[in-house]
Amino acid sequence: MRASTVRRTVLTASAVALALAATACGGGDQDGGSGGGKSKAGAADKPAAEALTAAELEKRIVATADLQDHEVQKPGKDDVFDPDSLTVDRAECDPVARVLSALPAGDPAASAQRLVVQESAAAKKGMPSTEELADMTEEEAKEATIDSLDITKTMTSLWSYAADGADQALGTLRTAGEKCAKGFAMTIDGEKQQVTKVAGEKLAAGEDAVAWTVGTKTDEEAVETKVVVFRTGSTLAGFSSFNIAAISRDEAYEQPTAVIDAQEAKLAR
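So, here is what we can say about the structure in this document. These numbers were taken from a predicted model, which means no experiment stands behind them.

## Description of the overall build of the chain
Along the chain, the regular secondary structure elements total 9 helices and 9 strands. Looking at the 269 residues of the chain, the share that counts as buried comes to 49%. Here the chain has roughly 12700 Å² of accessible surface; of this, 49% comes from carbon and sulfur atoms.

The following block contains the structure:
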């Protein structure tokens, strides 16, 4: 299921569950867009490497064995967007819209992608039963239901480039984040979204990196997505991540650092 569809479906399920909880309980109803900065080394510190092949990227992308308490799988056709379905109202914001949607930055020579899922203990247990809800106060039932949705999903991508293409693509992303910090309109797979902010965050990963919290809003919901892209040699690693419980609570959450660190370590081997 595509990220936007997942968010809508889960929030709808959450609303139904909360209504059930209320019945069971007897109740009633950062600075804009700089995208971080250079982390460990500048682009000029080492010569550009050759672009990795698709087969090489498949060996280097994170797997379940590289992470604790995460499940890693190849995305299905319903998990990814068609690049041709993306449009933006400001051309300079297209790079941000692309990585937000887990589409490649620039024009890579090869790519690989995985969907990484982390569930809390409460989420693994699942939503409370009707009997369990009946023994809770309305507030307890709401919290227990949202806790059961404490799932972080991260679309993780590797993109390799010829010559200095990775460095150029990352520079373009950084500039786009700065220009589009206050937002823009986009449509992806027929769904209209208003990007409300592209807020830069600090990140030390790879040889250079950008990191943002991107706010989006549709008629149905407001969502914040963590977007990170870092460079190692001629390869970019991209991450588009959201936490379902945080979305339900309209609260902030952290970057998927465990996934980022594992991917950085595997690329460095």
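## Description of helix H7 (residues 165–179)
Over its 15 residues, H7 runs 21 Å from end to end, which matches the ideal 21 Å to within 8%, given 1.5 Å per residue. Of the positions making up H7, those classed as buried are Gly-165, Ala-166, Ala-169, Leu-170, Leu-173, Arg-174, Ala-176 and Gly-177. Looking at the buried residues of H7, the elements they touch are helix H3 (94–100), strand E6 (191–200), strand E7 (208–217), strand E8 (222–232) and strand E9 (235–243).

## Brief notes about the packing of aromatic side chains
All chains considered together, the criterion is met by 1 aromatic pair. Ring geometry for Phe-230 versus Phe-239: centroids 5.9 Å apart, planes at 25°, classification stacked. For the residue pair Phe-230 and Phe-239, the accessibility class agrees, reading buried in each case. In this structure, Lys-226 is placed above the aromatic ring of Tyr-253, and the distance from its NZ or CZ to the ring centre is 5.6 Å.

## Focus: the state of the cysteines
Under the definition given, this model contains 1 disulfide. Across a sulfur-sulfur distance of 2.0 Å, Cys-93 and Cys-180 are joined as a disulfide pair. One quick way to see it: the torsion about the S-S bond of Cys-93 and Cys-180 is about -100°, and its sign makes the bridge left-handed. Of this pair, Cys-93 sits in the loop between strand E2 (87–88) and H3 while Cys-180 sits in the loop between H7 and strand E5 (184–188), and the two are 87 residues apart along the sequence. Given a relative accessible area of 0%, Cys-93 falls into the buried group.

## Digging into the pairing of E9
The element E9 is extensively covered by neighbouring structure, given that 9 of its 9 residues are classed as buried. Burial along E9 is two-sided: the face carrying Thr-235, Ala-237, Phe-239, Ser-241 and Asn-243 and the face carrying Leu-236, Gly-238, Ser-240 and Phe-242 are both buried. In the sheet, strand E4 (residues 151–160) pairs with E9 via 9 bridges, with the strands oriented antiparallel. Directly across from Thr-156, in E9, lies its bridge partner Phe-239. Taken together, the 7 bridges between E8 and E9 define a ladder with antiparallel strand orientation. Across the sheet, residue Val-228 finds its bridge partner in E9, namely Phe-239. Hairpin remark: E8 followed by E9, antiparallel, with 2 residues in the connecting loop; positive phi at Gly-233, about 60°.

## Observations regarding the sheet that holds E2
Strand order in the open sheet formed by 9 strands is E1-E3-E4-E9-E8-E7-E6-E5-E2, and the pairing between neighbours is antiparallel. The two strands at the open ends of the sheet, each matched to only one other strand, are strand E1 (71–73) and E2. Across the face of the sheet, H7 comes into contact with E6, E7, E8 and E9 while running at roughly 40° to E7.

## Observations concerning the pattern of salt bridges
Taken as a whole, this structure holds 10 salt bridges when the rule is applied. Here Lys-266 and Asp-66 are joined by a salt bridge, their closest N and O atoms 2.7 Å apart. One end of the pair, Lys-266, is in helix H9 (residues 257–267); the other, Asp-66, is in the loop between helix H2 (54–60) and E1, with 200 residues separating them in the sequence. Of the charged contacts, one joins Glu-201 and Lys-226 as a salt bridge, the two residues approaching to 2.6 Å between their closest N and O atoms. Placement of Glu-201 in the loop between E6 and E7 and of Lys-226 in strand E8 is noted, with a sequence separation of 25 residues between them. Of the two residues, Glu-201 and Lys-226, neither departs from the other in class, the shared state being buried. The network of salt bridges with common partners includes Asp-66, Lys-266 and Arg-269.

## A closer look at the environment of Glu-221
If you trace the backbone, Glu-221 turns up in the loop between E7 and E8. Here Glu-221 falls in the buried class, since its relative accessible area comes to 11%. The sequence separation of Glu-221 and Ser-248 amounts to 27 residues, and the corresponding C-alpha distance is 9.5 Å.

How each quantity is defined
- Every chain's residues receive numbers from 1 upward, in the order its sequence appears when written.
- Side-chain atom pairs in this predicted model are given and counted only at pLDDT of 80 or more, local residue features only at pLDDT of at least 70, and totals for whole chains, interfaces and linings cover all residues.
- Note that water and hydrogens are dropped before the side-chain values are worked out from all heavy atoms of the structure.
- We count a stretch as a helix when DSSP gives it H or I for four or more residues in a row; a strand needs E for two or more, and each element gets its number in order from the N terminus.
- Think of it in three bands: with a 1.4 Å probe and only protein chains considered, a residue is buried below 20% of the maximum accessible area for its type, exposed above 50%, and partly exposed in between.
- For the accessible areas, the method is Shrake-Rupley and the probe is 1.4 Å, while residue cover comes only from the protein chains on display.
- By this rule, a helix spans an expected 1.5 Å times one less than how many residues it contains.
- Residues count as neighbours in contact if any of their non-hydrogen atoms are within 4.5 Å of one another.
- Note on aromatic contacts: the rings of Phe and Tyr and the six-membered ring of Trp form a pair at centre separations within 6.5 Å, being stacked when their planes are under 30 degrees apart, edge-to-face when over 60 apart, and tilted otherwise.
- Ring-over charges, as used throughout, are those where CZ of Arg or NZ of Lys falls within 6 Å of the ring centre and within 35 degrees of the ring normal.
- Criterion for a disulfide: a pair of cysteine sulfur atoms within 2.5 Å.
- In this scheme, strands are said to pair when DSSP sees at least two bridges between them.
- Here an axis means a line fitted to C-alpha atoms, over the contact stretch when the element is a helix, while the angle between two N-to-C directions is reported on a 0 to 180 degree scale.
- The salt bridge definition used is simple: a Lys or Arg side-chain nitrogen within 4 Å of an Asp or Glu carboxyl oxygen.

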